[in-house]
Each structure stands twice: as structure tokens, then as C-alpha cells.
Amino acid sequence: MNLIDTHCHLADRRLGRNIDQVIADAAAAGVRLMISAAANLPDAKIAADIASKHDEVYCTAGVHPHHAAEQGDSYLDDIEKLAACERNVAIGEIGLDYHYDYSPRPRQQEVFAQQLKLAERLDKVIVIHTREAFDDTMAIIRESGVDGAWLVFHSFTGGAGEVREILDIGAMVSFSGIATFKTADDIRAGALIVPEDRILVETDSPYLSPVPVRNARVNQPAHVAHVARCLADLRGVDVEQFAEQTTANAKRFFGIQPA
Ligand SMILES: [Zn+2]
């Protein structure tokens, strides 16, 4: 198999302190590359450091809505510096999260909009996190004027209606272990209508262990193979072929050179 885990959190100590084992386990499962996503600046620094030491790892830089409230005046400059690192492939994860509301919504919206603008200026693709905030997320994206083809909606949890809106603006859709859960019929209905050149797979590890390793306390990039298998079965395509397709999509979207 030839897979890329397009979204994991290697800066999380549960993965980062065992990075060599995590990469070896991934390789054994056919997962050759992984993109370590950042939720805040310390995260982005660690991810960049790991990526600089391991050819299998790329990284992103950005501030998740949970951390919007704690940003001062210089955070955009800091992201810009981190995004200049050779292994950086995207700004993210950025967006809105109205489920937890860890940051006040107006501040979430402001920090999201500022990072969209920054990404556009830096010519970087963007990893979007949206939870219980889909309409506002789309409104801010439209207002920003950012080209939808530069966006991926990560760990997607909406249904077919939302998928159609995302496809309409030209964006990619990435599915995590959530799509494998028994109760996720809605998400799978959405996954079914994504064209083959617009779909990505990820783990969002160390969270969200997929079926059939749902009980694994620490999810890891190797498990993206389970996500791929579930989606390939759903879409009625061969898993090897689905892996090749999603890997080609990820390389094209994130601008990763052929390995
Ligand atoms: Zn994430």
C-alpha cells in the first residue's frame, strides 16, 4: 500500500516521544509519508523540528480556534516564520469550533480570517477545522476571497449537503477515523459523493482511533490504512487503487514532490 496520513499531531508527546517507532509502524502499514498538523505555535515549532529530522514527515503552521484567545500581536509574524521552513506544506489547522467554544466566537472568527489572508499572501494551502460552525466557516472563507481550491476540510464530519457546498467552492475533503464509526452513516453518505480527485485520508492521531482499532488509546499514522479500507469498500474500489489515488491527491494538493 502507498498511503499518506495527511493530518496527524506528532507534536503530541504520546506520538512525538516515540517518533522512530511511529514512523516504522506507519511504514509497515504502507504509510510512507505524514503531515504533522499544528494547533498552536509551540506545536508548530515541534512539528517543524520533527519534520526537519525525518524525511517521512512534513508539517503545517497555524492557530486552531481553541487557541485563538491566547494570541497576542505577533502571532501572524510567528506563523509566517514557521511557514518559511522547508518542510512546511500548509497553514493550519485554522477555522471555527463552536462545540467547545474555548475562545470567544468573535475572536475565533478574527483569527481565522487573518490566517486565511496570511496563507493567501504566502501562497500556502490551508487546512480547515470546522465544528458546529459550518455556515460561519463558509461565510468567512467567501468574505476572504481565498480560492477554494487551496482549502482542505480536515476530519470532515458533515453530511452530503455540506460536502456539496465544499465541492462547489473547489475544496478538498479529508476523512478521518470518524468516518469508520458505526454511527457515521451521514459522513459516509458525504464521502460517497466526493470525486476521486478531491478526497484525502488522515488519522488526526493521537485522537479518533478508527474501527477496527477503535479501542487503541493512542491513535497513530499507521491506522490511516483502516480509514482508507473503510472508504474504499464504501466507494466500491480496490483499496490499493484508492490508496494510490488519495496519495496522488495529497501530493498534488500539498505540493509534495514524488518520493
Ligand atoms: Zn487535527
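Before reading further, recall that the structure is shown in the block above.
So, how was this worked out
Residues numbered from 1 in each chain as written. Predicted model: local features only at pLDDT ≥ 70, side-chain atom pairs only at ≥ 80, totals over all residues. Heavy atoms only, no water. Salt bridge = Lys/Arg side-chain N within 4 Å of Asp/Glu carboxyl O. Helix = DSSP H or I, 4+ residues; strand = E, 2+ residues; numbered from the N terminus. Buried < 20%, exposed > 50% of the residue type's maximum accessible area, 1.4 Å probe, protein only. Pairing = 2+ DSSP bridges. Axes fitted to C-alpha atoms, helices over the stretch in contact; angles between N-to-C directions. Contact = heavy atoms within 4.5 Å. 1 Å grid on protein atoms, 1.4 Å probe; cavity = no way out; pocket = protein on both sides within 12 Å on 5 of 7 lines; lining within 4 Å. Points joined across faces, edges and corners; volume = space filled by probe spheres on them. Nonpolar A, V, L, I, M, F, W, Y, C, P; charged D, E, K, R; others polar. Lys, Arg positive; Asp, Glu negative; His and termini not counted. Polar contact = N/O pair within 3.5 Å; in protein donor to acceptor, adjacent residues only side chain to side chain. Phe/Tyr/Trp six-rings, centres within 6.5 Å; stacked < 30°, edge-to-face > 60°. Lys NZ or Arg CZ within 6 Å of the ring centre and 35° of its normal. Donors = N, O, S within 2.8 Å, 3.2 Å for Na, K, Ca; no water. Tetrahedral: all angles 85-135°; square planar, octahedral: opposite > 155°, others 65-115°.

*Asks:* Report on the pattern of salt bridges, specifying residues and quantitative values.
*Replies:* Side chains that carry opposite charge are capable of pairing whenever their charged atoms lie near each other. One pass over the full model with this rule turns up six salt bridges. A salt bridge links D49 to K53; the nearest nitrogen and oxygen atoms lie 3.0 Å apart. In this pair, D49 and K53 both sit in helix 3 (residues 41-53), four residues apart, roughly one turn of the helix. What makes K53 exposed here is its relative accessible area of 58%. The closest approach of N and O atoms between D101 and R105, which form a salt bridge, is 2.8 Å.

*Asks:* Can you explain the sheet that holds strand 3 (residues 57-61)? Please cite residues and give values.
*Replies:* Reading across the sheet, the eight strands line up as 1-2-3-4-5-6-7-8 and stay open at both edges, with parallel pairing between neighbours. Taken across any chain shown, the strands that pair with only one partner, and hence form the sheet edges, are strand 1 (3-8) and strand 8 (199-201). Adjacent strand axes in the sheet meet at a mean angle of 30 degrees when their direction is disregarded. The strands that helix 3 touches are strand 2 (31-36) and strand 3; relative to strand 3, the one it contacts most, it runs at about 160 degrees. Across the sheet, helix 10 (residues 239-254) is in contact with strand 1, strand 2, strand 4 (88-97), strand 5 (125-131), strand 6 (151-153), strand 7 (172-175) and strand 8; its angle to strand 8 comes to roughly 100 degrees.

*Asks:* Please provide a residue-by-residue account of the layout of surface pockets, values included.
*Replies:* Reported here for the largest pocket is a volume of approximately 740 Å³. Lining the largest pocket are 29 residues; nearest its centre among them are H64, D97, H129, R131 and D204. For the lining of the largest pocket, the secondary structure elements donating two or more residues are strand 4 and strand 5. Of all the elements, strand 5 adds the most residues to the lining of the largest pocket, at three residues. For the lining of the largest pocket, the residue count by class is ten nonpolar, eleven polar and eight charged.

*Asks:* Lay out the side chain of K124 in plain terms, naming residues and giving numbers.
*Replies:* Structurally, K124 can be placed in the loop between helix 5 (105-122) and strand 5. One buried charged residue, K124, remains without a salt bridge, the closest side chain of opposite sign being D123 at 9.8 Å. A distance of 2.9 Å separates polar atoms of two side chains, one belonging to K124 and the other to N88. Excluding residues within four positions of it along the chain, K124 makes contact with A83, N88, V89, A90, I91, A119 and W150.

*Asks:* Break down the packing of aromatic side chains for me, with residues and values.
*Replies:* Throughout the structure, instances matching the rule amount to four aromatic pairs. Look at Y100 and Y102: their rings are 5.1 Å apart centre to centre, the planes differ by 25 degrees, and that puts the pair in the stacked class. In this structure Y100 comes out as partly exposed when scored by relative accessible area, which is 40%. Looking at Y102, the relative accessible area reads 54%, which means it is exposed. In this structure, R87 packs its charged tip against the face of Y58, placed 4.2 Å from the ring centre.

*Asks:* How would you summarise the coordination of the zinc ion if you had to cite specific residues and measurements?
*Replies:* Surrounding the zinc ion are the protein donor atoms H7 (NE2), H9 (NE2), E93 (OE) and D204 (OD), at 2.1 to 2.3 Å. Of note is the zinc ion, whose four donor atoms meet at the metal with angles of 86 to 174 degrees in an arrangement that counts as irregular.

*Asks:* Before we move on, can you summarise the pairing of strand 1 with the specific residues and values?
*Replies:* Summarising burial for strand 1: six of the six residues are buried, a large majority. Here strand 1 pairs with strand 2 via four bridges, running parallel. Looking at strand 2, one finds that L3 is bridged to V31.

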